[in-house]
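Breakdown of the fold
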Number of protein chains: 2
Amino acid sequence: MISVVLLGAGNVATHLYKAFLKSETVSVVQWYNRTRASISSYANDVDITDSLDELKEADIYIIAVSDDSISQLSSDLPFSNRMVVHTSGSVAMHDLDKKNKIGVFYPLQTFSKTAEIEFSEVPICVEVYEKENLTLLKDLAKAVGCKPHKITTEQRQTLHLAAVFVNNFTNQLYRIGHEICETKNIEFKILHPLIEETAKKIQQMSPYMAQTGPAKRNDKKTIKRQLKLIEKEEHEAIYKLLAASIKKTHNLTSRPVTKK
Amino acid sequence: MISVVLLGAGNVATHLYKAFLKSETVSVVQWYNRTRASISSYANDVDITDSLDELKEADIYIIAVSDDSISQLSSDLPFSNRMVVHTSGSVAMHDLDKKNKIGVFYPLQTFSKTAEIEFSEVPICVEVYEKENLTLLKDLAKAVGCKPHKITTEQRQTLHLAAVFVNNFTNQLYRIGHEICETKNIEFKILHPLIEETAKKIQQMSPYMAQTGPAKRNDKKTIKRQLKLIEKEEHEAIYKLLAASIKKTHNLTSRPVTKK
Ligand SMILES: NC(=O)c1ccc[n+]([C@@H]2O[C@H](COP(=O)([O-])OP(=O)(O)OC[C@H]3O[C@@H](n4cnc5c(N)ncnc54)[C@H](OP(=O)(O)O)[C@@H]3O)[C@@H](O)[C@H]2O)c1
Ligand SMILES: NC(=O)c1ccc[n+]([C@@H]2O[C@H](COP(=O)([O-])OP(=O)(O)OC[C@H]3O[C@@H](n4cnc5c(N)ncnc54)[C@H](OP(=O)(O)O)[C@@H]3O)[C@@H](O)[C@H]2O)c1
């Protein structure tokens, strides 16, 4: 049995809590948040607190608070020599106070409180300061059905950067697709199957092989027609830059596309 | 029973052929391609030809050839007053020779010969010149289990533009994620669950609501750190433009992000 104290009550902490609850080999002995109200609805199921001085003993303390507050919170912990990890993709492990045994437990997924997640499919990137603590973090990942990946700080930060491209930036392209549809009274929903298939395709072939469309075909007529159709300057800039990027990737002419 | 002659043997024609084959109310009476070799493996199952003069009679002729060749091929057809459609997202319906009854049968999906598709989930955008032919196209879509959407030329071209953003450009972001992973010897596969969840999420909430990450949080420290981590100028330009786009969408400061 691995005992855990959760610190923070945001998207990640809430999903972790639910995943731990389902596991037979993890027990959440306490849940801390500076604002008690955010976790008070769980008071019947788990010991909750808003005071660091009341923190109970546990095998692992998981700090799942905003990136900027991780370092301070780790210093404020009123104990030493225990295992303390954060869940961030970008914060350095060494930002954690070294009075404790430190590590990272980074779930590589996008969490929102409202969207359900199949937690067992989330890759967990683990990192430790002292090698002997690796097994504990790996076991914790496995206890919730996840695959642990031992990585370095640099790899984690690189993964986080890649995640920004494939998640945040991709989502912004969906947003633009939504805006474009709205200008002509088209339901965005009609694009859902295409969006899903685009995401699925790269599990069967590389994104390089999966590419199609006017830029990949270097179909100048269609590109010109589409640039004329675009109403927002911001969309036009993104179209040009990404079309040029596709051409470059596929070794097509890199002359910039113009509207005229 | 709806009888169909297919013209072309690319990604779309091949997927259409397979979908029609499964349908009990569609019969492919003939398959034409200028290059016989591409379809000769189907010769046992369907009448194949590479000669327009040999084309048989059918309810619908589906021209699924490269955009640039649609107009010419429709003029070359040695008959008139029959139903002829193309499958393109961007070519105007009026590019089809009006000696025949014309229309569009545009499957809004990304097709590659190797990737299997659940065809019944493909939205079919239909358009006709003469209203009385609409039912036939709708029936053909329904015969393969698809939902037909009656749209205008302008709406179809807008949809195609939106599709370029959510499909081709998104796929290019996947490609960049792949490149970034490779520089640090990280398996791209570890991003698959994130990519799938990002695509799934917008079926539950709008892309606007689904957005997360450093740009959405206006987290300048992380953005700076990430820009430093980027090795390719091209990736940097895309990062800056899309981060700025996210900030604009969410009404955050629009000062450009700099590397220093
Ligand atoms: N969301 C994701 O998709 C995701 C994915 C992987 C990793 N992560 C990482 O997981 C961590 C948590 O992210 P999240 O999305 O769950 O955050 P979130 O939903 O914004 O929640 C932030 C939590 O941090 C607490 N907090 C903020 N400032 C604090 C302070 N000064 N002292 C103590 N607590 C403070 C907040 O407490 P109050 O309730 O009192 O405001 C809240 O409970 C971050 O390191 C993030 O990078 C996030
Ligand atoms: N791929 C997609 O994801 C997708 C999705 C929706 C709609 N569409 C549209 O569907 C249509 C076909 O696309 P595709 O991806 O299936 O194309 P494709 O895989 O590139 O195949 C093109 C086909 O067109 C034929 N062709 C090319 N030039 C020709 C000419 N001058 N005369 C006669 N035949 C010619 C080729 O014949 P050969 O075998 O002899 O070369 C080939 O059979 C296009 O209008 C496209 O915009 C495509």
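Not measured: the values here are computed from a predicted model. (Residues numbered from 1 in each chain as written. Chains lettered and ligands numbered in written order. Predicted model: local features only at pLDDT ≥ 70, side-chain atom pairs only at ≥ 80, totals over all residues. Heavy atoms only, no water.)

**A few points about the site of ligand 1**
Residues and elements named next belong to chain A. Here is the rule we go by: Consider each residue's heavy atoms; a residue with any of them within 4 Å of a molecule or strand counts as near. By the criterion applied in these results, polar contacts are pairs of N or O atoms within 3.5 Å in which, for protein atoms, one can donate a hydrogen and the other can accept it, and in which residues neighboring in sequence qualify only through two side-chain atoms. Working definition of accessibility: Shrake-Rupley area with a 1.4 Å probe, residue cover restricted to the visible protein chains. Each helix is a run of DSSP H or I of at least 4 residues and each strand a run of E of at least 2, with the numbering of both proceeding from the N terminus.
Around ligand 1 lies a shell of 22 residues, among which A9, V12, R34, T35 and D67 are the nearest. At 3.1 Å, a side-chain N or O of S69 approaches a nitrogen atom of ligand 1. When ligand 1 sits alone it has 900 Å² of accessible area, and the protein chains cover 76% of it. Looking at the shell around ligand 1, the elements with two or more residues in it are α1 (11-22), α2 (67-76) and β6 (101-107). In terms of residues, the shell around ligand 1 owes the most to one element, α2, which gives three residues.

**Some remarks on the domain arrangement of chain A**
All names here are of chain A. Test applied: Where a domain begins and ends is set by an automatic assignment or by a domain database. Should any heavy atoms of two residues lie within 4.5 Å, those residues are considered in contact. Two parts placed together each lose some accessible area under a 1.4 Å probe, and adding up what both lose gives the buried area.
Here the domain parsing of chain A yields domain 1 (2-151), domain 2 (159-205) and domain 3 (211-260). A straight line from the C-alpha centre of domain 1 to that of domain 2 covers 31 Å. Facing seven residues of domain 1, the contacting portion of domain 2 comprises four residues. Buried area between domain 1 and domain 2, both sides added, is near 380 Å², and the carbon and sulfur share of it is 73%.

**Things to note about the interface of chain A and chain B**
Rule in force here: Put simply, a salt bridge is a Lys or Arg side-chain nitrogen that is within 4 Å of an Asp or Glu carboxyl oxygen. Throughout, the ten residues Ala, Val, Leu, Ile, Met, Phe, Trp, Tyr, Cys and Pro are labelled nonpolar, Asp, Glu, Lys and Arg are labelled charged, and all others, Gly among them, are labelled polar.
The interface is formed by 90 residues belonging to chain A together with 90 residues belonging to chain B. Carbon and sulfur atoms make up 66% of the surface buried where chain A meets chain B, a total of about 8,700 Å² over both sides. The tally of links from chain A across to chain B stands at six salt bridges. Close ionic contact of K248 of chain B with E234 of chain A constitutes a salt bridge, the shortest N to O distance being 3.8 Å. The interface formed by chain A and chain B includes 30 residue pairs in polar contact (both at pLDDT 80 or more). When residues of the side of chain A that touches chain B are traced back to their parent elements, those giving at least two are α2, α4 (153-183), α5 (192-201), α6 (207-210), α7 (214-217), α8 (220-229) and α9 (233-249) of chain A. Here the side of chain A that touches chain B gets 26 residues from one element, more than from any other, and that element is α4 of chain A. Here the residues of the side of chain A that touches chain B sort into 43 nonpolar, 31 polar and 16 charged.

**Looking at the site of ligand 2**
All names here are of chain B. Close contacts around ligand 2 come from 22 residues, with A9, V12, R34, T35 and D67 the closest. S38 places a polar side-chain atom, nitrogen or oxygen, 3.4 Å from an oxygen atom of ligand 2. Between T87 and ligand 2, the recorded distance is 2.9 Å, taken from a side-chain N or O atom to an oxygen atom. Burial of ligand 2 by the protein amounts to 76% of the accessible area it has alone, namely 900 Å². Elements that contribute at least two residues to the shell around ligand 2 include exactly α1 (11-22), α2 (67-76) and β6 (101-107). By residue class, the composition of the shell around ligand 2 is eight nonpolar, twelve polar and two charged.

**Section: the environment of D67 of chain B**
Topologically, D67 of chain B is positioned in helix α2. For D67 of chain B and A244 of chain B, which are 177 residues apart along the polypeptide, the C-alpha to C-alpha distance reads 34 Å. In contact with D67 of chain B, not counting residues within four places along its chain, are R217, D219 and T222 of chain A together with S88, S90 and V91 of chain B. A distance of 3.0 Å separates polar atoms of two side chains, one belonging to D67 of chain B and the other to S88 of chain B.

**What about α4 of chain A?**
Residues and elements named next belong to chain A. The condition that has to hold: What a helix is expected to span follows from its residue count: subtract one and scale by 1.5 Å. One fitted axis covers the seven residues ending at a residue, a second covers the seven starting there, and the bend at that residue is the angle between these axes. Only protein chains enter the area calculation, which uses a 1.4 Å probe; residues under 20% of their type maximum are buried, those over 50% are exposed, and those in between are partly exposed.
The terminal C-alpha atoms of α4, which comprises 31 residues, lie 44 Å apart, in line with the 45 Å expected from a rise of 1.5 Å per residue. At V164, α4 shows its maximal kink, close to 30°. Along α4, 27 of the 31 residues are buried, which leaves the element largely enclosed by surrounding structure. Two residues or fewer past α4, N185 is found with a positive phi of approximately 55°.

**Side note on the pattern of salt bridges**
Residues and elements named next belong to chain B. Here the structure, examined in full by the defined rule, presents 20 salt bridges over all chains. In this structure, the salt-bridge partner of K56 is D47, at a minimum N-O distance of 3.1 Å. A salt bridge links R217 to D219, with the nearest nitrogen and oxygen atoms 3.3 Å apart. The partly exposed category is assigned to R217, whose relative accessible area is 49%.

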